[in-house]
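In case you want the letters, here they are:
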Amino acid sequence: DKIQGYRDLRVRWTVLTSTLHSVLSVQYAARSPDATDVEASLRARIDGGSMLESVADLAEFADDSQRAMSELSFVDDPEVCTVLEKYSVPESAEGSSFVIVHSSKLSTCAALRTYHRRMRFLMFLSIEGASYIDENDTRWSVVLLFEKREASNGDKLYYFVGYA
């Protein structure tokens, strides 16, 4: 897509690395009447119920470890994900570790599908000509990499690192 009709356009997309909820902010010095509607175009592509209204809303989500655990419960569900690899970083002060999981349940697991819809926009930022996959096609599977940390209350928290 081509963006036209703005002077000093600034787009900020802030993403919470656990649940991938996000906030979009579009600012500009001037806009012509026939300018591309950048915000509407981006909101249409960044889906999965992840768009929040403010950074304050995002901070509220970040502090809600129970919600994050609930939304990412599919990672620990052996019916949905298979752990391919686990490894830790000994020098990490937070005691973090990493886990790589595989799932072929994109077409049948609602929580995984929702999470996939939140992360799939990221491919457009690095792969020219990328397109969405058919989530109903049972031949698709995903591999996800998460950083796993323990919260101060003992909850296990997962932070998105990447996917294939």
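What you are looking at is a predicted structure, and each value in this text was computed from that prediction instead of being measured. (Residues numbered from 1 in each chain as written. Predicted model: local features only at pLDDT ≥ 70, side-chain atom pairs only at ≥ 80, totals over all residues. Heavy atoms only, no water.)

Student: What should I look at first to understand the sheet that holds strand 7 (residues 97-103) in this one?
Tutor: Strand pairing in a sheet relies on backbone hydrogen bonds. The paired strands run either parallel or antiparallel. Ordered by their spatial adjacency, four strands build an open sheet running 6-7-8-9, and the pairing between neighbours is antiparallel. On the outer flanks of this sheet lie strand 6 (82-88) and strand 9 (156-163), each paired with one strand and no other. Neighbour-to-neighbour, the strand axes of the sheet open up by a mean angle of 25 degrees, direction not taken into account. Inspection of the sheet shows strand 7 paired to strand 8 (residues 142-150) by seven bridges, in the antiparallel sense. Paired with F98 across the strands is E147, a residue of strand 8. The strands touched by helix 4 (residues 110-119) within the sheet are strand 7, strand 8 and strand 9, with strand 8 carrying the most contacts at an inclination of about 95 degrees. (Pairing = 2+ DSSP bridges. Helix = DSSP H or I, 4+ residues; strand = E, 2+ residues; numbered from the N terminus. Axes fitted to C-alpha atoms, helices over the stretch in contact; angles between N-to-C directions. Contact = heavy atoms within 4.5 Å.)

Student: Explanation requested: the pairing of strand 9 in the structure shown.
Tutor: For a regular strand, side-chain orientation follows a simple rule: the groups alternate between the two sheet faces. Examined bridge by bridge, strand 8 and strand 9 share seven bridges and lie antiparallel to one another. Note that in strand 9 the partner of K148 across the bridge is Y158. Connecting the antiparallel pair strand 8 and strand 9 is a turn made up of five residues, with G154 showing a positive phi of about 95 degrees.

Student: Would you mind showing me how to read the pairing of strand 3 (residues 22-27) here?
Tutor: As defined by bridge partners, strand 2 (residues 10-15) adjoins strand 3 across six bridges and the pair is classed as antiparallel. Looking at strand 3, one finds that W13 is bridged to L24. As paired strands, strand 3 and strand 5 (residues 51-52) are joined by two bridges and run parallel to one another. In the sheet register, S22 faces strand 5, and the bridge partner there is M51.

By themselves, these are just geometric observations and shouldn't be taken as functional.
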